[in-house]
Amino acid sequence: LNDAQTIAVEVTGIEQVTPLIKHFRLAPVGGGELPVFSGGSHIIVVMQGAERVHRNPYSLLGSPNELGTYEIGVRRMEESRGGSHFMHDTIQVGSRLEIAHPVNLFGLDKIARKHLLIAGGIGITPFLAQLEDLHDGAVPYELHYSVRAAEHAAFLERLRRLAGARLHMYYDSEGRLIPFEALLANQPLGTHVYVCGPAGMIQHVISTAHACGWPDSHIHWEQFSAPPVGDALRCFSRARKSACMYHPIKACSKASRRPASKCPICAAAASAASATPKFWSWMGSWCTTIIFCRTRKRPRRRASCPACRARIANAWCWTCSVEQGVDP
Amino acid sequence: MLVTGIKSKPVYAPLQADTRGRFHLMLGMGVGAAPLLRVIDEMRSASAHSLKHTRVLFVSEAGAAAAEVAHGGPAQGAPATAPGIEQFNAAALGEVQIFAHPQPLLDQFRAILEQSLMGTRLYVAGPESFIGLAMKIALEFNLNKDEIRAEECGTLARRVYCIHCRSTTENVRHNIVRCVGCERWLLVRDHYSRRLAAYMGVMVDAEAPGELPPLKEVFL
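Cut-offs applied
- Residues numbered from 1 in each chain as written.
- Chains lettered and ligands numbered in written order.
- Predicted model: local features only at pLDDT ≥ 70, side-chain atom pairs only at ≥ 80, totals over all residues.
- Heavy atoms only, no water.
- Pairing = 2+ DSSP bridges.
- Helix = DSSP H or I, 4+ residues; strand = E, 2+ residues; numbered from the N terminus.
- Axes fitted to C-alpha atoms, helices over the stretch in contact; angles between N-to-C directions.
- Contact = heavy atoms within 4.5 Å.
- Buried area = accessible area lost by both parts, 1.4 Å probe.
- Salt bridge = Lys/Arg side-chain N within 4 Å of Asp/Glu carboxyl O.
- Nonpolar A, V, L, I, M, F, W, Y, C, P; charged D, E, K, R; others polar.
- Parallel < 35°, antiparallel > 145°, perpendicular 65-115°, else oblique.
- Left-handed = near helix turned anticlockwise from the far one by under 90°.
- Phe/Tyr/Trp six-rings, centres within 6.5 Å; stacked < 30°, edge-to-face > 60°.
- Buried < 20%, exposed > 50% of the residue type's maximum accessible area, 1.4 Å probe, protein only.
- Lys NZ or Arg CZ within 6 Å of the ring centre and 35° of its normal.

Q: Would you take a moment to explain the sheet that holds strand β7 (residues 168–172) of chain B for this structure?
A: Strand pairing in a sheet relies on backbone hydrogen bonds, with the paired strands running either antiparallel or parallel. All names here are of chain B. If you trace the five strands from one edge of the open sheet to the other, you get β7-β6-β10-β9-β8, paired in mixed fashion. With one partner strand each, in any of the chains shown, β7 and β8 (176–178) form the two edges of the open sheet. The sheet shows a mean angle of 45° between the axes of neighbouring strands, direction not considered. Pairing of β8 with strand β9 (residues 185–193) involves three bridges; the strand directions are antiparallel. Each bridged residue has a counterpart across the sheet, and for I176 the counterpart in β9 is L187.

Put into structure tokens, the structure is as follows:
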């Protein structure tokens, strides 16, 4: 990560939209316009914390037509690796941040005949920007938004203005749940479903859609919250059956098929204090949760990111990685 | 003169049942009955239930031959051993419709797609030009390669789109054909358009008028 890849921005507005979600406006330092983006894009915000650098992805929720400021929504995560707490507690109006150029891994299908948008909680953010693209009404769509309770429904006014009657609200507190089966079983041919929210919700939508006969190419999902630290980690040897990349011993490949909290060979624990970003790197964590064991200074061969197929030089995909290191 | 290895030329694979789908729609023409019956057998052995959600639209051998005659192509006698319509009817499918001509089938196909739900799988078996016309309609409904399977069987006769006058010549069997629109001699190329469901035809004697390469029957 060098400076040329990031853009310096200043926080120009902060609004507490729900008890857990803060809405930030970011404008380029020195004025001017930020790079063009499309609905569903995200940026990586680089935060200089006291002990380490946080790099968190956040969806852009503003209109793609307004490039003077970027808008992001940050939910305070209970099991935070520090990034969201930093955004909530430390960042003030006037604070400086670095951001990466926007990247879209969650764009709308351009030739879909209908869009079915499903959001859970903070997962509404990518859809806010997409609704601006869908606003002309050329393609029919439905937005189903599920939240815990009325006070947690972020950006509701804006959603009502953009989507109108196409917005369907579901409150857990009232016992109203999205009827996934009925929704997915009765969509016209050529519909694409997009889901963003908690991991369980995404899994449920994917499995329900499969049961209704949907092919993968019509199912789109994005999840930003990383898996719990220290769990479900796999040594990076999936691609090579014979041996682990760094430990050419057969046992490694066997062990690596099971989720492991530490590398079976060098026993570097992922959750212990020894697991510094120097040894463990995170890549494409919301797609496959691959942990990259790096006991040597340089990887022997280059890997590619499973999400975007970008080549990764240092076990760190700039395009879609969640964080560079796992915070113990 | 023909360039080989053109990427746009479609490649077809033998039909296979996709039991992940909820609804199955099958289109067939002429000898395409055999692959469709094979898929129906596969589906029956996987789960008898799925046959209830299977519809077949079929142009009979006679209809297929008549279509060729109508376009000036040579008529072919129907092979006596070709699977018949009775076998579709005997398979206890959701619905079987037999057509005498491809066009009413394609009209009905479009009407069905307008009513269809996600989870539909499409199987097409027949001559390439028939597959192309069906795929063209399916593309309008945003069906993609995960939802469409096609097996080519029967004649290789091509639909050829004239890049000069934009008319389409049907049932082309020769490497060179006279365009029905502008009467230019067209070289039939392997460049294929899924949107037009036709191969590209380019004037063959533009640089030396009247100099035609030998005429060969290549798309049988």
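Q: Looking at this structure, how should I read the interface of chain B and chain A?
A: The accessible area lost on association of the parts is a frequent measure of interface size. If you look at the interface, chain B gives 17 residues, while chain A gives 20 residues. Approximately 1,400 Å² of surface area, both sides summed, lies buried where chain B meets chain A, with 54% of it carried by carbon and sulfur atoms. Of all residues in chain B, R22, M118 and N142 of chain B bury the most surface against chain A, accounting for 46% of the area lost on that side. Here chain B is connected to chain A by zero salt bridges. Split by residue class, the side of chain B that touches chain A holds five nonpolar, six polar and six charged.

Q: So what exactly am I meant to see when it comes to the packing of helix α4 (residues 102–115) of chain B against helix α5 (residues 128–140) of chain B here?
A: If you want to describe how two helices pack, look at the angle between their axes and the distance between the axes. Residue and element names in this part refer to chain B. Running from N to C, α4 and α5 cross one another at 25°; their axes reach a closest spacing of 10 Å. One element, α4, and the other, α5, form an angle in the roughly parallel class. Crossing handedness for the pair α4 and α5: right-handed. In this structure, α4 contributes P102, L105, L106, F109, R110 and L113 to the contact, and α5 contributes F130, L133, A134, I137, A138 and E140. When its residues are assigned to classes, the contact of α4 with α5 shows 10 nonpolar, no polar and two charged.

Q: How should the packing of aromatic side chains be read in this particular structure?
A: Any two aromatic rings considered together are summarised by their centre-to-centre distance and by the angle between their planes. Taken as a whole, this structure holds five aromatic pairs over all chains when the rule is applied. Ring centres of F58 of chain B and F88 of chain B lie 5.2 Å apart, and the angle between their planes is 55°; on these two criteria the pair is classed as tilted. Taken together, the residues F58 of chain B in strand β2 (residues 54–59) and F88 of chain B in helix α3 (residues 85–90) connect sequence positions 30 residues apart. Its relative accessible area of 2% is what places F58 of chain B among the buried residues. In this structure an aromatic cluster arises from ring pairing among F106, F127 and Y194 of chain A. Above the ring of Y199 of chain B, the side-chain terminus of R158 of chain B is found at 3.8 Å from the ring centroid.

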